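Chain by chain, the residues:
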Amino acid sequence: MGEQAPAKASPKTPSTPQGKNSAKKPKAESRVALVRRARRINRELAEVYPYAHPELDFRNPFELLVATVLSAQTTDLRVNQTTPALFAAYPTPEDMAQAAPEALEEIIRPTGFFRAKSKSLLGLSQALRDNFGGEVPGRIEDLVSLPGVGRKTANVVLGNAFGVPGITVDTHFGRLVRRWKWTEQEDPEKVEAEICALFPKSEWTMLSHRVVFHGRRICHSRKPACGACPIAPLCPAYGEGETDPEKARKLLKYEKGGQPGQRLSPPPDYPGRPAPPLGATPAS
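The structure displayed is predicted, hence computed values, not measured ones.

Caption draft 1: Just the environment of Cys229, in detail. Looking at the secondary structure, you find Cys229 in the loop between α11 (204-217) and α12 (245-249). When the C-alpha positions of Cys229 and Ala248 are compared, they lie 8.5 Å apart, and in sequence the two are 19 residues distant. Among all residues touching Cys229, those that are not within four sequence positions of it are His214 and Ile218.

Below you can see the structure in the form of structure tokens.
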């Protein structure tokens, strides 16, 4: 007589109800809680960066407009190192509108994509000369009609040259607001709309500066300095970066890390060191 087949083991009774995970899912943040957390982060950043400012050197709306167009896909530092020679050669829209493309390209070459940027600068300068009397307009509808000018550039100019509140959604801003779960949007215009809805209009421009400052100095893309972050308790992404305080402090940049900033001519209240001119070696 053959061996008896082993009885099938009876399935274990689950300790949790059928279909439910044993670990509790985090409770979804309510709209009210999100607004409160976002505004608290803004207040904390205002204390950390009371000197936050646009990191492009400029003396008038035209210089800011040109510098912002040049800042695409390069650093503000490289733009600031390039614009002194540019504005010495072409101080007004009328001057730049008459520039020889080759000469303009050679000056702005260090900022990269110099042919496309030269075309935009010539186009916007000619439009300012021909359509706006040589003056940079103070309305977003007019600014975005200029060659090479989108909403981001327009909001930079409006907020910092005309005092018109606006959210500037650059790479750093979009990355941080998604990391903080203020929005899940990727499209800059949708990000702008959702963040505007979280804050009073009077905060929009300075919020933009504070978030960008934080992204450049502490909350880096690849390795955020979580252990040195003043808003760590409010951040749902805490732990993505270095949490050891000593190691995190070594990741800090610009004035937070004792290094020069991006502006050659920073505001008087800036606590860091000015950046060196093009070709100069920064002092240690």
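Caption draft 2: Representation of the packing of helix α9 (residues 171-179) against α11 within the structure. In the contact formed by α9 and α11, the axes pass within 8 Å of each other and the chain directions differ by 85 degrees. When the axes of α9 and α11 are compared, the pair comes out roughly perpendicular. Every residue of α11 that contacts α9 at His172, Phe173, Arg175 and Leu176 is listed here: Leu207, Ser208, Val211, Val212, His214, Gly215 and Arg216.

Caption draft 3: Quick peek at the confidence of the model for the protein. Here the protein averages 92 in pLDDT, and 89% of its residues register 70 or above. Between residues 1-22, whose pLDDT stays under 50, and residues either more than four places distant or in other chains, the model counts one contact.

Caption draft 4: Here's a closer look at the packing of aromatic side chains. Across all of its chains, the model carries seven aromatic pairs by this definition. Between Tyr49 and Tyr51 the ring centres are 6.4 Å apart and the planes differ by 85 degrees, which places this aromatic pair in the edge-to-face class. With relative accessibility at 9%, the residue Tyr51 sits in the buried group. In this structure an aromatic cluster arises from ring pairing among Tyr49, Tyr51, Phe213 and Tyr270. Cation over ring: Arg109 sits above Phe114, and NZ or CZ is 4.3 Å from the ring centre.

Caption draft 5: The arrangement of unusual backbone geometry in detail. The residue Gln73 is not glycine, and still its phi comes out positive at about 60 degrees. Its location among the elements puts Gln73 in the loop between α2 (61-70) and α3 (76-89). Despite not being glycine, Phe113 shows a phi value in the positive range, around 50 degrees. On the secondary structure map, Phe113 appears in the loop between α5 (101-108) and α6 (114-131).

Caption draft 6: Region of the structure containing α3. If you check α3, its first and last C-alpha atoms are 20 Å apart, about what 14 residues at 1.5 Å a residue would give, namely 20 Å. When the local axis directions of α3 are compared, the greatest deviation, roughly 35 degrees, occurs at Thr83, which is followed within four positions by the proline Pro84. Buried residues along α3 sit in contact with α2, α4 (93-97), α5, α6 and α11.

Caption draft 7: Structural context of α9. Where α9 is concerned, the buried positions are Phe173, Gly174, Arg175, Leu176, Val177 and Arg179. Where α9 is buried, its residues meet α10 (188-196) and α11. A side-chain oxygen of the first residue of α9 lies 3.2 Å from the backbone nitrogen of His172; this N-cap is Asp170. Positioned one or two residues after α9, Lys181 has a phi angle of 65 degrees, which is positive.

Caption draft 8: Geometry of the packing of helix α1 (residues 31-48) against α11. The geometry of α1 relative to α11 is characterised by a closest axis approach of 10 Å and an angle of 70 degrees between their N-to-C directions. As judged from the angle between their axes, α1 and α11 are roughly perpendicular. The segment α1 lies against α11, with Asn42, Leu45 and Ala46 engaging Leu207, Arg210, Val211 and His214. When its residues are assigned to classes, the contact of α1 with α11 shows four nonpolar, two polar and one charged.

Caption draft 9: The nonpolar core, seen in detail. In terms of nonpolar packing, the biggest core is built from 38 residues, with Phe173, Trp180, Trp182 and Ile195 touching the most fellow members. Broken down by secondary-structure element, the contributors of at least two residues to this core are α1, α9, α10 and α11. Of all the elements, α1 adds the most residues to this core, at six residues. If near-sequence neighbours (up to four positions away) are discounted, Trp182 is found in contact with Leu34, Arg37, Ala38, Ile41, Val177, Glu194, Ile195, Leu198, Phe199 and Leu207. Core analysis: the next-biggest nonpolar cluster, separate from the first, contains 31 residues, Leu104, Leu124, Val149 and Val156 among them.

What counts and what doesn't
Residues numbered from 1 in each chain as written. Predicted model: local features only at pLDDT ≥ 70, side-chain atom pairs only at ≥ 80, totals over all residues. Heavy atoms only, no water. Helix = DSSP H or I, 4+ residues; strand = E, 2+ residues; numbered from the N terminus. Contact = heavy atoms within 4.5 Å. Axes fitted to C-alpha atoms, helices over the stretch in contact; angles between N-to-C directions. Parallel < 35°, antiparallel > 145°, perpendicular 65-115°, else oblique. pLDDT = per-residue confidence, 0-100. Phe/Tyr/Trp six-rings, centres within 6.5 Å; stacked < 30°, edge-to-face > 60°. Buried < 20%, exposed > 50% of the residue type's maximum accessible area, 1.4 Å probe, protein only. Lys NZ or Arg CZ within 6 Å of the ring centre and 35° of its normal. Expected span 1.5 Å × (residues − 1). Bend = angle between axes of the 7 residues up to and from the residue. Polar contact = N/O pair within 3.5 Å; in protein donor to acceptor, adjacent residues only side chain to side chain. Nonpolar A, V, L, I, M, F, W, Y, C, P; charged D, E, K, R; others polar. Core = buried A, V, L, I, M, F, W, Y, C linked by side-chain atoms within 4.5 Å.

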